[in-house]
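# Architecture and fold: a report
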Amino acid sequence: MRLVAGIWGFKTLAVGVELGLFTRLAGGRTMTVEQAAAEFGLADRPADLLLAASASLGLLEKAGDGYRNSALAEQFLVEGHPYYFGAQVRYSDLRTYLPWHRIGGALRTDRPLTWDPQAQQSMFDTTDPEMLAQFWDAMYSTSSFTAGALAEAYDFSAHHRLLDVGGGAGAFRSSSAAACPGCGRPSWTCRTSANGPRSGSRLPALPGGSARCPATSSPTRRCRAGTTSSCSA
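Conventions and cut-offs
- Residues numbered from 1 in each chain as written.
- Predicted model: local features only at pLDDT ≥ 70, side-chain atom pairs only at ≥ 80, totals over all residues.
- Heavy atoms only, no water.
- Core = buried A, V, L, I, M, F, W, Y, C linked by side-chain atoms within 4.5 Å.
- Buried < 20%, exposed > 50% of the residue type's maximum accessible area, 1.4 Å probe, protein only.
- Helix = DSSP H or I, 4+ residues; strand = E, 2+ residues; numbered from the N terminus.
- Contact = heavy atoms within 4.5 Å.
- Pairing = 2+ DSSP bridges.
- Axes fitted to C-alpha atoms, helices over the stretch in contact; angles between N-to-C directions.
- Polar contact = N/O pair within 3.5 Å; in protein donor to acceptor, adjacent residues only side chain to side chain.
- Patch = residues over 30% accessible without salt bridge, like charges linked within 9 Å, V, L, I, M, F, W, Y side chains within 5 Å.
- Areas by Shrake-Rupley, 256 points an atom, 1.4 Å probe, with all protein chains shown as cover.
- Salt bridge = Lys/Arg side-chain N within 4 Å of Asp/Glu carboxyl O.
- Lys, Arg positive; Asp, Glu negative; His and termini not counted.
- Charge placed at Lys NZ, Arg CZ, Asp CG, Glu CD.
- Phe/Tyr/Trp six-rings, centres within 6.5 Å; stacked < 30°, edge-to-face > 60°.
- Lys NZ or Arg CZ within 6 Å of the ring centre and 35° of its normal.

### Focus on the nonpolar core
Judged by nonpolar contacts, the single largest core of 22 residues is most densely connected at Leu13, Val17, Leu21, Phe22, Leu51, Leu60 and Leu77. Elements supplying a minimum of two residues to this core: helix 1 (6-19), helix 2 (21-24), helix 3 (33-40) and helix 4 (44-56). Counting seven residues, the second largest nonpolar core, distinct from the first, contains Tyr91, Leu132, Phe135 and Trp136.

Have a look at this one:
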């Protein structure tokens, strides 16, 4: 039954991220059903169901007449926090969840479901910059916690250089920078497109810790202030 009901839990989490529910409750704020209805433009009944369902998943806690973030949601679902995981939730909801509904067809045809092999060499061979931005944000949110754990578990102080090969979103390089003071300021290569010219450049950190790719002028990452990150168009 837990497997059968998996879609219920995921979609409850996904709509909470979409609405910014957990970010609105950051810092210990409590929200009543009436407040949720007013802020999200919902009737009282669906607002009540959203809060109660989120609490049943361990994402919210009941506090008097309202609800507040659980410790889990406060750490992973508040946008701007170092280990924000909402980008992975959003990408999975928008880009991968529906293709899983056609898994039987994939088994029978041995063809990918998220891109067309007759028109593309890979899922990254696309003219949709929004999809790529969502993917890199998802990869960063997935790898940042593991990268932080590695930085705590391994002593980088004896090293002067660190090369992250295939790190994609740059989370490992960002997290290890503080643990490797001799490695210098991290930098990444920004590639303009899969088919166009490619050039490397250092990416300056923006206020709040995001980095912009000069090719797209759009935020592609949420990382710790004072570091640079990677981007791809």
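### Some remarks on unusual backbone geometry
Phi angles above zero are rare outside glycine, and Asp110 is one such case at about 55°. The topology assignment puts Asp110 in the loop between helix 7 (103-109) and helix 8 (129-153).

### A look at the side chain of Ser92
Residue placement: Ser92 occurs in helix 6 (residues 86-100). Accessibility expressed as a relative area gives 15% for Ser92, which makes it buried. In this structure Ser92 touches Phe10 and Tyr97, once residues within four positions along its chain are discounted.

### Side note on the sheet that holds strand 2 (residues 60-63)
The strands that make up a sheet are held in pairs by hydrogen bonds between backbone atoms, and each pair lies either parallel or antiparallel. The sheet built from three strands is open, its strands ordered 1-3-2 with antiparallel pairing. In this open sheet, the two strands that pair with only one neighbour each are strand 1 (31-32) and strand 2. Running at roughly 45° to strand 3 (residues 66-69), helix 4 makes contact with strand 1, strand 2 and strand 3 of the sheet.

### Here we look at the side chain of Thr12
Relative to the helices and strands, Thr12 resides in helix 1. Note on Thr12: relative accessible area 15%, which makes it buried. Here the side chain of Thr12 touches Trp8 through a polar contact of 2.8 Å, landing on its backbone oxygen. Setting aside residues up to four positions removed in sequence, Thr12 forms contacts with Ala53, Ser54 and Leu57.

### With respect to a negative patch on the surface
Judged by side-chain charge, Glu34, Asp44, Asp48 and Asp65 come together as a negatively charged surface patch. As for its position among the elements, Asp44 is in helix 4. The exposure class of Asp44 is partly exposed, given its relative accessible area of 46%.

### Section: the packing of aromatic side chains
Applying the stated criterion across every chain yields a total of four aromatic pairs. When the ring of Phe10 is compared with that of Tyr97, the centres are 4.6 Å apart and the planes differ by 5°; the resulting orientation is stacked. Remark: Tyr97 occurs in helix 6 and Phe10 occurs in helix 1; sequence separation between them is 87 residues. Taking the centre distance of 5.8 Å and the plane angle of 70° together, the rings of Tyr91 and Phe135 count as edge-to-face. One end of the pair, Tyr91, is in helix 6; the other, Phe135, is in helix 8, with 44 residues separating them in the sequence. Each of the two residues, Tyr91 as well as Phe135, counts as buried. One aromatic cluster is present, built from ring pairs that chain together Tyr91, Phe135 and Trp136. We note Lys62 situated over the ring of Tyr67; from NZ or CZ to the ring centre the distance is 5.1 Å.

### Digging into the pattern of salt bridges
Between side chains of opposite charge, a pair can form as their charged atoms come close. Tallying each qualifying case throughout the model produces five salt bridges. When the shortest N-O distance is used, the salt bridge between Arg68 and Glu61 registers 3.5 Å. Owing to a relative accessible area of 36%, Arg68 belongs among the partly exposed residues under this scheme. With a closest N to O distance of 3.4 Å, Arg111 and Asp116 form a salt bridge. The class of Asp116 is partly exposed, set by a relative accessible area of 31%.

### Concerning the pairing of strand 3
Where strand 1 meets strand 3, two bridges bridge the pair, whose relative direction is antiparallel. Looking at the pairing, Thr32 lines up with Gly66 of strand 3. Here four bridges tie strand 2 to strand 3, and the two strands are oriented antiparallel to one another. For Leu60, the partnering residue across the bridge sits in strand 3 and is Asn69. The antiparallel hairpin formed by strand 2 and strand 3 contains two residues in its connecting segment, where Gly64 sits at a positive phi of about 65°.

Honestly, that's just the spatial picture; any functional story needs more than this.
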